[in-house]
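Structure assessment
Okay, here's what each chain looks like letter by letter:
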Amino acid sequence: MDPHAAIWQHCLESARLSDIGLRRSNNQDSAAIMLASSQQKWEERGHLFVVADGMGAHAAGELASKLATDNVPLIYAKHVELPPHEALLAAVREANAQIHSRGTANDDFRGMGTTVSALALLPEGALVAHVGDSRVYRLRGTRMEQLTFDHSLVWELRAARPNVGDDTPFFIPKNIITRSLGPNPQVQVDLEGPLPIQIGDTYLLCSDGLSGQVSDDEMGKVLLALPPREAVQALVDLANLRGGPDNITVIVVRVLGPQVAKGKNASPATKPPSRPRKPVHPAVASACGVLALVSAVLAAMQLRIAAMAALIGAIAAGAIAMFQKFIKTESFRWPQRPFGRAPYAACDCVPDAGFVARLADLNRQLREAASNAHWRIDWDAYCEHESKAAAATRAGSHLEAVREYCRAISCMMEQLRHQSELSKGGRYS
């Protein structure tokens, strides 16, 4: 959990989860949450959320994604002299340079790369920087919108042939990406926003381990039904129950109050924020001190003309220092129109009988598998959720049914994970 979460829990709720999946030997995904440490930091840089999906042999992909999620937040926070959108671009580009440098310095890491999707929630709105096919979504009401364009072969072909429709030939691989951090010394970064933030908005960042197994409308229905901490687990569980062929990483962020959103009809702030005042440059401060000391020494030696010249120099350096410290710098200027063309896909995600039926079937299969394998299960806890879901289904309350079926699934999956860990450790068989 982010150490500053308690400061914002009244107006912002977030959760993250990264899972190895069922078919991978290591987790090459990574995620980071950087919440503002104070109101001033929020006004300057907002909150930042990052997901990365690494690629490369051995531990290369794992290293690449970790470098991305470690460095993007640090570099973004460091560039206080830049407007937020420029700082975010600089952070992704500098992270790319670091990953590329590590990759070229070691043969084991050569060619390593990673996707990255970064979401900044600012007083001016939501800002997204993006490379690769890890996605950022926004759920507003019952409308699920994809705010990022997949840098994948499939999406690039569709964009090049807009009149053909969404049908892509079966022989086109879906897992080939056309852009990533690391392989090249420079990278093209997509920027979206700032987009208006409203109270109730929910943002989802995820690797393709989730989006490849769970459809957009299903993700939206789960987000509608559950708070972020339960939603991240339910989404990971759904992806694993559908095969879990890849690592799965999820961040869910929900806006609860006006400290993050201006209100129901919020829009980007019209008053641009001011740059923080720069500290006095060390060279200027040193020059001022040295010249003052030289002036005093020369005066003691009765070299009055030289002493006066040194004193004038000290006064000039002091004036420059005062100008740097106290003169207000120019305000940030956002562009008249938001960057990018988001959303790139959208769907309505009202919970319905069809999705409830699919969740009920998953629960039935889970229950049968647990019984056949003789797992030690707390059936009371599981059956309580399942009974509530069945009752909600009969009453036609699809949202409540989705909520309780997801809770039943997560209850069972947590116990199965625990039994699997015991079995591997030799404490249970």
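Residues numbered from 1 in each chain as written. Predicted model: local features only at pLDDT ≥ 70, side-chain atom pairs only at ≥ 80, totals over all residues. Heavy atoms only, no water.

Topic: the overall build of the protein
A tally of regular secondary structure across the protein gives 13 helices and twelve strands. Out of the 429 residues in the protein, the part that is buried amounts to 48%. Nonlocal contacts in the protein, meaning residues at least 24 apart in sequence, comprise 75% of its contacts between residues at least 6 apart. For the protein, the exposed surface amounts to about 20800 Å²; the carbon and sulfur share of it is 55%. (Helix = DSSP H or I, 4+ residues; strand = E, 2+ residues; numbered from the N terminus. Buried < 20%, exposed > 50% of the residue type's maximum accessible area, 1.4 Å probe, protein only. Contact = heavy atoms within 4.5 Å. Areas by Shrake-Rupley, 256 points an atom, 1.4 Å probe, with all protein chains shown as cover.)

With respect to the side chain of Arg254
Structurally, Arg254 is set in strand 11 (residues 248–255). A distance of 3.2 Å separates a polar side-chain atom of Arg254 from the backbone oxygen of Leu226. Setting aside anything within four residues of it in sequence, one finds Arg254 in contact with Cys11, Leu12, Glu13, Asp201, Thr202, Leu223, Leu226, Pro227 and Pro228. (Polar contact = N/O pair within 3.5 Å; in protein donor to acceptor, adjacent residues only side chain to side chain.)

Quick word on the state of the cysteines
For the structure on display, the rule yields zero disulfides. Here Cys347 is not cross-linked by a disulfide; its sulfur's nearest cysteine counterpart is in Cys349, at 5.6 Å. The class of Cys347 is buried, set by a relative accessible area of 18%. Residue classification places Cys349 among the buried positions, given a relative accessible area of 0%. (Disulfide = S-S within 2.5 Å.)

Digging into the layout of surface pockets
What the largest pocket holds in volume is close to 1000 Å³. Along the wall of the largest pocket there are 36 residues; nearest its centre are Asp133, Asp150, Ser152, Lys174 and Asp208. Among the elements of the structure, strand 3 (47–55), helix 5 (153–160), strand 9 (190–195) and helix 6 (208–211) are those that each provide at least two residues to the lining of the largest pocket. By residue number, the principal contributor to the lining of the largest pocket is helix 5, which donates four residues. Class assignment of the residues belonging to the lining of the largest pocket gives a composition of ten nonpolar, twelve polar and 14 charged. (1 Å grid on protein atoms, 1.4 Å probe; cavity = no way out; pocket = protein on both sides within 12 Å on 5 of 7 lines; lining within 4 Å. Points joined across faces, edges and corners; volume = space filled by probe spheres on them. Nonpolar A, V, L, I, M, F, W, Y, C, P; charged D, E, K, R; others polar.)

Points about the pairing of strand 3
Taking burial as the measure, the nine residues of strand 3 include eight buried ones, the bulk of the element. Strand direction decides the pairing type here: strand 2 (residues 29–34) and strand 3, joined by six bridges, are antiparallel. Residue pairing in the sheet places Ile33 in a bridge with Phe49 of strand 3. Direction of pairing for strand 3 relative to strand 5 (residues 116–122): antiparallel, over a ladder of five bridges. Each residue of the ladder has a partner; that of Phe49, found in strand 5, is Leu119. Pairing of strand 3 with strand 4 (residues 113–114), which is carried by two bridges, proceeds in the antiparallel orientation. Its bridge partner being in strand 4, Met55 is matched across the sheet by Gly113. (Pairing = 2+ DSSP bridges.)

A few points about the sheet that holds strand 10 (residues 202–206)
Strand-to-strand pairing in sheets goes through backbone hydrogen bonds, with the strands running parallel or antiparallel. In space, the six strands of this open sheet follow the order 1-11-10-7-8-12, with antiparallel pairing throughout. One side of each edge strand has no neighbouring strand; the edge strands of this open sheet are strand 1 (12–19) and strand 12 (345–348). Across this sheet, the average inter-strand angle for adjacent strands is 15 degrees, counted without regard to direction. Where strand 7 (residues 135–140) meets strand 8 (residues 143–146), four bridges bridge the pair, whose relative direction is antiparallel. The residue bridging Arg140 from the neighbouring strand is Arg143, located in strand 8. This element, helix 7 (residues 216–225), spans strand 7, strand 8, strand 10, strand 11 and strand 12 of the sheet and lies at about 55 degrees to strand 7. (Axes fitted to C-alpha atoms, helices over the stretch in contact; angles between N-to-C directions.)

Observations regarding helix 7
Among the ten residues in helix 7, seven count as buried, and that is most of the element. Every buried residue belonging to helix 7 is among Glu218, Met219, Gly220, Lys221, Val222, Leu223 and Ala225, and all of these are buried.

Focus: the packing of helix 11 (residues 353–372) against helix 12 (residues 379–394)
Where helix 11 meets helix 12, the axes come as close as 12 Å, and the angle between the chain directions of the two elements is 155 degrees. The angle between the axes of helix 11 and helix 12 places the two elements in the roughly antiparallel class. Where helix 11 crosses over helix 12, the handedness of that crossing is left-handed. Between helix 11 and helix 12, the residues in contact are Val356, Asn363, Arg367, Ala370 and Ser371 and Trp379, Tyr382, Glu386 and Thr393, respectively. Residue composition of the contact of helix 11 with helix 12, by class: four nonpolar, three polar and two charged. (Parallel < 35°, antiparallel > 145°, perpendicular 65-115°, else oblique. Left-handed = near helix turned anticlockwise from the far one by under 90°.)

Considerations on the side chain of Asp53
Considering the arrangement of structural elements, one finds Asp53 in strand 3. Buried charge without a partner: Asp53 forms no salt bridge, and the closest opposite charge is Arg24, 6.4 Å away. Setting aside residues no more than four positions away along its own chain, Asp53 makes contact with Gln28, Asp29, Ser65, Gly113, Thr114, Thr115, Ser134, Ser207, Asp208 and Asp246. (Lys, Arg positive; Asp, Glu negative; His and termini not counted. Salt bridge = Lys/Arg side-chain N within 4 Å of Asp/Glu carboxyl O.)

Thoughts on the nonpolar core
The nonpolar side chains of soluble globular proteins are, as a tendency, buried together. Formed by 45 residues in total, the largest nonpolar core has its most connected members in Met144, Leu204, Leu210, Val222, Val250 and Leu359. At the level of secondary structure, the elements contributing two or more residues to this core comprise strand 7, strand 10, helix 7, helix 8 (228–241), strand 11, helix 11, helix 12 and helix 13 (398–424). Of the residues forming this core, the biggest block, ten residues, is contributed by helix 13. With sequence-adjacent residues up to four places away left out, Leu210 is seen in contact with Leu204, Met219, Leu235, Ala239, Ile248 and Val250. (Core = buried A, V, L, I, M, F, W, Y, C linked by side-chain atoms within 4.5 Å.)

Remarks on helix 8
Between its terminal C-alpha atoms helix 8 stretches 20 Å, which fits the 20 Å expected from 14 residues at 1.5 Å a residue. Burial runs high along helix 8: ten of the 14 residues are buried. Within helix 8, burial applies to Pro228, Ala231, Val232, Ala234, Leu235, Val236, Asp237, Leu238, Ala239 and Asn240. Of the residues one or two after helix 8, Gly243 is the one with positive phi, at around 115 degrees. (Expected span 1.5 Å × (residues − 1).)

Topic: the pattern of salt bridges
Scanning the entire structure with this criterion turns up 23 salt bridges. Its salt-bridge partner being Glu218, residue Arg242 comes within 2.6 Å of it at the nearest N-O pair. Within this pair, whereas Arg242 is found in the loop between helix 8 and strand 11, its partner Glu218 is found in helix 7, the two being separated by 24 residues in sequence. The salt bridge partner of Glu218 is Arg358, with a shortest N-O separation of 3.2 Å. You can see Glu218 sitting in helix 7 and its partner Arg358 sitting in helix 11, a full 140 residues away along the chain. Residue classification places Arg358 among the partly exposed residues on the basis of a relative accessible area of 38%.

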